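Report on the structure
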Amino acid sequence: MAADMEKIETILMENEERLEKTLSVFKSDLLMIRVGRANPHVLDKVMVDYYGTPTPINQVGNMSVVDGQCLVVAPWDKSLLKAVEKAIQVANIGINPTNDGNVIRLVFPALTEERRKELVKQVKKMCEDAKVAARNIRRDTLDTLKKLKAAKEITEDECADFSDTVEKSVTDIIAKIEKASAEKEKDVMTV
């Protein structure tokens, strides 16, 4: 029975890890949504062709917020200016880069009310997708527990107890997802 408990602990640990990863991915995706202020995180997924190798933009230069509305990207190698500019344009983040020969500037325009509402809808969709992912993880874990019960590796009571543990962890993650979503929605709607 001790080997079975190790198996159960492994299943529950994997469940927790997958749920935490879902939350982490959701939060990092929220950082990509711009809210009218200059935010270096909107460039997190931008890849620059650095001598034939796709490289994250934050590894080819410095990024700094000049004022609340302007982000400056200063590549360490000036020959990369065109490549960085092109990578930002291809990433389609909704901001046109301006290249002055030394640095690239991204001016974040103030968001209109209509655009803010669109962003809130996008945040809500991302929130729902993250909650669906958490529910899918719960389903997979519960299926695994039911298989163990069917194979007589765990009792009915143990299966119910472990299922309660899984339910609690999923409920906690969904609450954290909803909290992060509400904070982002508030941030987007703040003028």
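Cut-offs and rules
Residues numbered from 1 in each chain as written. Predicted model: local features only at pLDDT ≥ 70, side-chain atom pairs only at ≥ 80, totals over all residues. Heavy atoms only, no water. Buried < 20%, exposed > 50% of the residue type's maximum accessible area, 1.4 Å probe, protein only. Helix = DSSP H or I, 4+ residues; strand = E, 2+ residues; numbered from the N terminus. Arc of directions from axis to C-beta. Contact = heavy atoms within 4.5 Å. Salt bridge = Lys/Arg side-chain N within 4 Å of Asp/Glu carboxyl O.

Notes on helix α2 (residues 81-91)
Listing the buried residues of α2 in full gives L81, V84, E85, A87 and I88. For α2, the buried positions fall inside an angular range of 160 degrees around the axis, keeping them on one side. Exposed positions of α2 whose direction lies more than 90 degrees from the buried face are K82, K86 and V90. Buried residues along α2 sit against β1 (47-50), β4 (70-75), β5 (97-99) and β6 (104-107).

Let's talk about the environment of L12
Mapping L12 onto the fold places it in helix α1 (residues 2-31). With 130 residues separating them along the chain, L12 and L142 place their C-alpha atoms 9.9 Å apart. Sequence-distant contacts of L12, defined by excluding residues within four places in its chain, comprise F162, T165 and V166.

As for the pattern of salt bridges
Enumeration over the complete set of coordinates arrives at 14 salt bridges. With a shortest N-O distance of 3.1 Å, K7 and E153 are connected by a salt bridge. Of the two residues, K7 is situated in helix α1 and E153 in the loop between α3 (113-150) and α4 (156-189); the sequence distance between them amounts to 146 residues. Measuring nitrogen to oxygen at the nearest pair gives 3.1 Å for the salt bridge that ties K45 to D29. Placement of K45 in the loop between α1 and β1 and of D29 in helix α1 is noted, with a sequence separation of 16 residues between them. Taken together, the shared-partner salt bridges connect E128, K131, R135 and E178 into one network.

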